[in-house]
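Structural features, examined
Listed below are the residues making up each chain.
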Amino acid sequence: MSASENKTAKASAGMPEFLRRLFVGLKRRPSIIALLVLLAAFFQYTLNLTHISDTTAKIQGPGMGLCGFATMLFSMLSLICFLNAFPRRKKPVIAMVVLMCLMFAIIIFCDIYYSNLIMTALTRAENPITLDASTIYIAQAYNVLQTHIVIEGVAVALILLMPLYTKLLRKINTSVTVEDYGKLEAIDISGED
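The shown structure was predicted, so the numbers you read here are calculated from the model rather than taken from an experiment.

1. With respect to the nonpolar core
Residues Phe82, Phe86, Met100, Ile118 and Ile159 are the most contacted members of the largest nonpolar core, which totals 43 residues. Sorting the residues of this core by element identifies helix H3 (31-46), helix H4 (49-59), helix H5 (64-85), helix H6 (94-123), helix H7 (136-160) and helix H8 (162-170) as the ones contributing at least two each. Leave out the neighbours within four places in its chain, and Ile159 touches Ala34, Leu38, Phe82, Phe86, Met100 and Phe104.

2. Quick word on the packing of H7 against H8
The description of two helices packed together rests on the angle between their axes and the distance between the axes. In contact at an axis separation of 5 Å, H7 and H8 are set at 65° when each is read in the N-to-C sense. Of the residues in H8, those touching H7 at Leu158, Ile159 and Leu160 are Met162, Pro163 and Tyr165. For the contact of H7 with H8, a count of residues per class yields six nonpolar, no polar and no charged.

3. Quick look at the confidence of the model for the protein
Taken as a whole, the protein shows an average pLDDT of 84; of its residues, 83% reach a score of 70 or greater. Contacts from residues 8-13, a stretch scored under 50 in pLDDT, to residues over four places away or in other chains number nine contacts.

4. Things to note about the environment of Ala141
Looking at where Ala141 falls in the secondary structure, it is placed in helix H7. For Ala141, a relative accessible area of 0% puts it in the buried group. Linking Ala141 and Thr56, residues 85 residues apart in sequence, is a C-alpha distance of 9.6 Å. Those residues in contact with Ala141, other than ones at most four positions away along the chain, are His51, Ile52, Thr55 and Ile118.

5. Some details on a nonpolar patch on the surface
On the surface, Leu66, Phe69, Leu73, Leu77 and Ile80 cluster together into a nonpolar patch covering about 470 Å² of accessible area. The topology assignment puts Leu66 in helix H5.

Thresholds applied
- Residues numbered from 1 in each chain as written.
- Predicted model: local features only at pLDDT ≥ 70, side-chain atom pairs only at ≥ 80, totals over all residues.
- Heavy atoms only, no water.
- Core = buried A, V, L, I, M, F, W, Y, C linked by side-chain atoms within 4.5 Å.
- Buried < 20%, exposed > 50% of the residue type's maximum accessible area, 1.4 Å probe, protein only.
- Helix = DSSP H or I, 4+ residues; strand = E, 2+ residues; numbered from the N terminus.
- Contact = heavy atoms within 4.5 Å.
- Axes fitted to C-alpha atoms, helices over the stretch in contact; angles between N-to-C directions.
- Nonpolar A, V, L, I, M, F, W, Y, C, P; charged D, E, K, R; others polar.
- pLDDT = per-residue confidence, 0-100.
- Patch = residues over 30% accessible without salt bridge, like charges linked within 9 Å, V, L, I, M, F, W, Y side chains within 5 Å.
- Areas by Shrake-Rupley, 256 points an atom, 1.4 Å probe, with all protein chains shown as cover.
- Salt bridge = Lys/Arg side-chain N within 4 Å of Asp/Glu carboxyl O.

This is the structure:
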């Protein structure tokens, strides 16, 4: 196939080749979308763990350390459950999906509980913690937790809506049409010399 015919085949597909390959990959494994969001939530929390640890040491609320530990532990375990829940080219394992959703519920509960302890420490009547340059990490930890809740919620929604967007992805035409320009008739396939 010459370069001009190759360009015609690409143009007839209606989308660039890298985009077509991306959609083909997503059609084969639509769970990648939710996995990427879960990885984003994991890295967002992990890379900001210093703010969480410093806030725990400063406020020392009941169960703050346990909430931080549980969030980190169940974030890692939920990734492992996710990989086992959606095996390649097989139906989802329902037990793993249920276990994973339970872990997401625990993670979101811990984030909300931790956020409430931060707000309580900032607004309590006696000896409230004031935010200044030396304690700005408390506000950053609060923002990290709120963002983590949102990203985890998006991941849960993507997992629950996976059958819907799988059907939508399969409707996208990713086939490549190759035109022969009448040269196919000129090829002799009879095998006679």
